[in-house]
Structures are given as structure tokens and as C-alpha cells.
Amino acid sequence: MATGGRSVSKTSEECFDFICTSCDRENKTLEAVRYCVECSGYCCQLCTDMHKKFPALSNHNLLDVSQGKQAGNQQPRLPEFPTERCGTHHGKVLDMYCKKHNVVGCSTCISKDHRSCPDSQIYSIPEMINTLFNLSNSKQTQSILKDLMNSMSSISDSKDDQLATLIKARNEALKEITKFQKALETAVKKGAEISKKVLENTYKKLEEEILHDKAEVQKTKDALQNSSKILQKAEGNRAQRFVCTKLAETQMKEADDQMSKRILKNLEDVQLLFTPNQSLMNYINGLHGIGEVVGRTKKRTDLYKVKGSTDINIRLTDDSSSGNMYVGDCRNGIVCFDDAGNYLSTYNDNDLSATDGVCVDGRGNILVVGCLSNNVVQFNEDGKKIGVVIKQQDGLQSQLSVCFHQKLNRLFVSMVGSDVLKIYELE
């Protein structure tokens, strides 16, 4: 409840239901004692006194706790108004909500962009906050924000490691180029310079991609962190919190879109390889290089291990695809077809029973579900079993389908007759 004009620093754990809007812009947290209708913002005692001091502000309508709405036995409070401003329409307050599109906006936004929406779907946030706030789960949004920020931090760290791996691979490739160059002596110096140039161009391209991804991740992380801070700051003001929540949800959707569209490579996937051409001596005068520089992903050959697992209630559609198609044979193996549908081979294993769901990891591995054996078995692309990734004691029972998320390194498993989706984080 706002009762005075006390001030706390940004690092203080003390929170007020309403904080001074003007002082907040100066990174100061002061308790609000009035709400100015004309300024569309809350005022601390100092700002209230300033209103009375200057003639241009003296006629502003300053609301106090007597104009606030109280429910039940609640103590008097200031009126609840959002204070977030529209970035498009000259700083107008975001005080309107379109339920149809689940977005907040100023009055101009709503009248311009939502003119076709039914009036029954358009709400004034200050007037309908008691109804609207029940529709918004701010705590869940805050939790998701934290998870997304953690994910962005993890991706950023991975990009740093990926860049270090790329530099190391580049250095190793340069050593191979130099070694082969010495073996060819003077006749291959021109070709060596050409290969070095190709290597540097390939390296720079990969480096630019990684740095670009890192910059985008940091940008999104900063936006999420800012949304989180704003949401925390609006703890006691439901109208402000509602607006901040909706803005955060929009930011979260953009972050999810970024994560779903961005193709992220694992740390070990970055390689710069130099392959010597041993027949080069016979053709040295007509060549434009002494080997091939390739930036490519490295196939995984070791067994995945379960790092952690989560259960959620959802229905999963497996939309995985790769060069070859693998189909469970409902017994103890899988049948392999090429991309034209021609039969290639059948893989069998005694650890599998009633095979059904199959997916690939994009790194040369096949993950197969055993419905009755209650496990997931990993094969390489040649049909050789690497091992059992997930067992019954990991929580599997009558699983039906499986899908691997390469970017997150997670395995999604659905089960027969259940809406529970099990998510396993692999390493």
C-alpha cells in the first residue's frame, strides 16, 4: 500500500505496490502517493509537491487512495493504471487489451490495428483489471522468462566453446597445410597460398555465422532480462503487471521463434579439414590448390547418456526426416529404405522388442523405440548397435514414438494410451 514517499535503491529487496513513474526513469525507486491523470503516471511525494509548485502542473488531477478500488477487507490503495508507454504512438499508455489477438496496446493501436475485432473482445485495462488479471499467469510467465534466459545463456556459452573449437580446428588444418606444403617444396607454394585463402574464407564464414548467432542470442537475452526486470518491478500493480506480462509473452514468442528457426550446431560439430592430394605432383602446374578445405559437421560415434528428464502433458507429432527412411518392423528390428522408397536392409537386435518409433539425430545415428522392451536403442547409419540410451528404469513404459531435437540435444518420447510426453536431456 502506498502511504508515503520513501525511497529505496534498485538493489533493495523492499517493494512498493506503486512506484513513482518519473523517478523510475532516473533509476530511482520511490513509493508513489498519487496518480496524475494528465501525466498518466504515479507520483512520489516529491513529484506531487512539484505538481503543486509549477503553474503548468498545478491543475493536474492527482488521485489518492480515496479514488482507488478496494475489494473486501483490503486497505485503501491507489487506483491501478498501467504505466508502460507505446513505442509507436508518441508514448501513449498501453491501457487497452484485445482478447482476440491477446495483445496490449494504446488506444490508437487498438483503433487502428484492431478495428475489425468485436467490441466484446476489446477491454480497458484499468476498468477490467479484476477480470483480466485472472486470465494472465504472471508467475508462470516469469518462470518461462527465467528458463528462456538460462537457455540463451547456455547457447551463448556453447557458441563461445564452438568458436574455440573452430579456432583449434583451423590451427590444426593450417599445420597440415604447412606440412604438405614443405613436402611439395617450391613447386607447390603457389597452390599452398590458394588453399590457405580458401581455408581463411571458410573459417571467416563459419566465424561470422557463430558471432552473428551469439550477437542475436545476447540481444534476445537482454530483451528477456529487461522484460523480467519490468515484470518484477510491477509486483504490486496488477494493471502494470498485466501489461508487462503480455509484453513479456510477446518477447518470449519472439525468442521461441528465434530458437526454432535457428540451426545450432553442437560444439563437436565444427571442423575445418584439409585433405592432401597425393597425386598433386603430377599436375602441379595446372592446379589451383594443394587440397580441399571443408567446413562440415562431425558424426557422433559414442553412446548418448541421459542427463535429465521431464514429463509434460502434450501430444507429439514426429516430423523427423533424413536421407534414408527407417521404419520399425514391430518385432525386434528396423527396416531401412532409401529416399526413393527402395528397400536397403533390416537391422535386428535382441535388446529390442516390438519396435515402433524411429528417428535420426542428424549426426549419423538412428534411435529406435522398443515398445515391449521399454527402451530406446542407438544404432549408427550402418546398422551397428552402439548401445541402449534409455531403459525402463528411466521411466519408459509402452512408448510409441520418438523424436530427437538436434539443437537442444533432447529426446522426446510418447507412450501408448498416455498424454504424457517424456523429455530426456542427452549428453
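Residues numbered from 1 in each chain as written. Predicted model: local features only at pLDDT ≥ 70, side-chain atom pairs only at ≥ 80, totals over all residues. Heavy atoms only, no water.

(A) Looking closely at helix H5 (residues 125-132). Ile 125, Pro 126, Ile 129 and Leu 132 are the residues of H5 that are buried. In a view along the axis of H5, the buried residues occupy a sector of 90 degrees, so they form one face of it. (Buried < 20%, exposed > 50% of the residue type's maximum accessible area, 1.4 Å probe, protein only. Helix = DSSP H or I, 4+ residues; strand = E, 2+ residues; numbered from the N terminus. Arc of directions from axis to C-beta.)

(B) Region of the structure containing a nonpolar patch on the surface. Taken together, Leu 46, Met 50 and Phe 54 make up a surface patch of nonpolar side chains, about 280 Å² in accessible area. The residue Phe 54 is located in the loop between helix H2 (45-53) and helix H3 (55-58) in this model. On the basis of relative accessible area, Phe 54 is assigned to the partly exposed category, the value being 38%. (Patch = residues over 30% accessible without salt bridge, like charges linked within 9 Å, V, L, I, M, F, W, Y side chains within 5 Å. Areas by Shrake-Rupley, 256 points an atom, 1.4 Å probe, with all protein chains shown as cover. Salt bridge = Lys/Arg side-chain N within 4 Å of Asp/Glu carboxyl O.)

(C) Summary view of the pattern of salt bridges. Applying the stated criterion across every chain, the model contains 8 salt bridges. With its nearest N and O atoms 3.0 Å apart, the salt bridge here joins Glu 80 to Arg 238. One end of the pair, Glu 80, is in the loop between strand S5 (62-63) and strand S6 (96-98); the other, Arg 238, is in helix H8 (residues 238-261), and 158 residues separate them in sequence. Owing to a relative accessible area of 14%, Glu 80 belongs among the buried residues under this scheme. The residue Asp 160 makes a salt bridge to Lys 214 at a minimum N-O spacing of 3.2 Å. Of this pair, Asp 160 sits in helix H6 (residues 138-184) while Lys 214 sits in helix H7 (residues 189-233); the two residues are 54 residues apart in sequence, bridging distant segments of the chain.

(D) Representation of the sheet that holds strand S8 (residues 122-124) in the model. One open sheet holds the 3 strands; their spatial order is S7-S6-S8, and the pairing between them is antiparallel. The open sheet terminates on both sides in strands that have one partner only, identified here as strand S7 (103-105) and S8. Neighbour-to-neighbour, the strand axes of this sheet turn through a mean angle of 25 degrees, independent of strand direction. Bridge analysis of S6 against S8 gives 3 bridges, and the strand direction is antiparallel. Bridge pairing in S8 places Cys 98 opposite Ile 122. (Pairing = 2+ DSSP bridges. Axes fitted to C-alpha atoms, helices over the stretch in contact; angles between N-to-C directions.)

(E) Seen up close, the side chain of Arg 241. Note that Arg 241 resides in helix H8. For Arg 241, a relative accessible area of 8% translates into the label buried. The contact partners of Arg 241, leaving out residues within four places of it in the chain, are Phe 133, Ser 138, Lys 139, Leu 231, Ala 234 and Glu 235. (Contact = heavy atoms within 4.5 Å.)

(F) Spotlight on the pairing of strand S15 (residues 355-360). Here S15 lies mainly inside the structure; 5 of its 6 residues are buried. Relative to strand S16 (residues 365-370), S15 runs antiparallel, the two being bridged by 4 bridges. When the sheet's bridge partners are listed, Thr 355 is paired in S16 with Gly 370.

(G) Structural context of the environment of Ser 124. Relative to the elements of secondary structure, Ser 124 occurs in strand S8. Each C-alpha atom of the pair Ser 124 and Tyr 97 lies 6.5 Å from the other, and the pair is 27 residues apart in sequence. Each residue touching Ser 124, except ones within four places of it in the same chain, is listed here: Asp 95 and Met 96.

(H) Inspection of the sheet that holds strand S4 (residues 41-43) at higher detail. Strand order across the open sheet formed by 3 strands is S4-S3-S5, with antiparallel pairing between neighbours. On the outer flanks of this sheet lie S4 and S5, each paired with one strand and no other. Looking at chain direction, strand S3 (residues 34-36) and S5 are connected through 2 bridges and run antiparallel. Its bridge partner being in S5, Cys 36 is matched across the sheet by Leu 62.

(I) The arrangement of the packing of aromatic side chains in detail. Scanning the entire structure with this criterion turns up 5 aromatic pairs. When the centroid spacing of 4.8 Å and the interplanar angle of 65 degrees are considered together, the rings of Tyr 35 and Tyr 42 count as edge-to-face. On the basis of relative accessibility, which here comes to 2%, the residue Tyr 42 falls in the buried class. With centroids separated by 4.2 Å and ring planes inclined at 10 degrees, the aromatic side chains of Tyr 35 and Phe 81 adopt a geometry described as stacked. (Phe/Tyr/Trp six-rings, centres within 6.5 Å; stacked < 30°, edge-to-face > 60°.)

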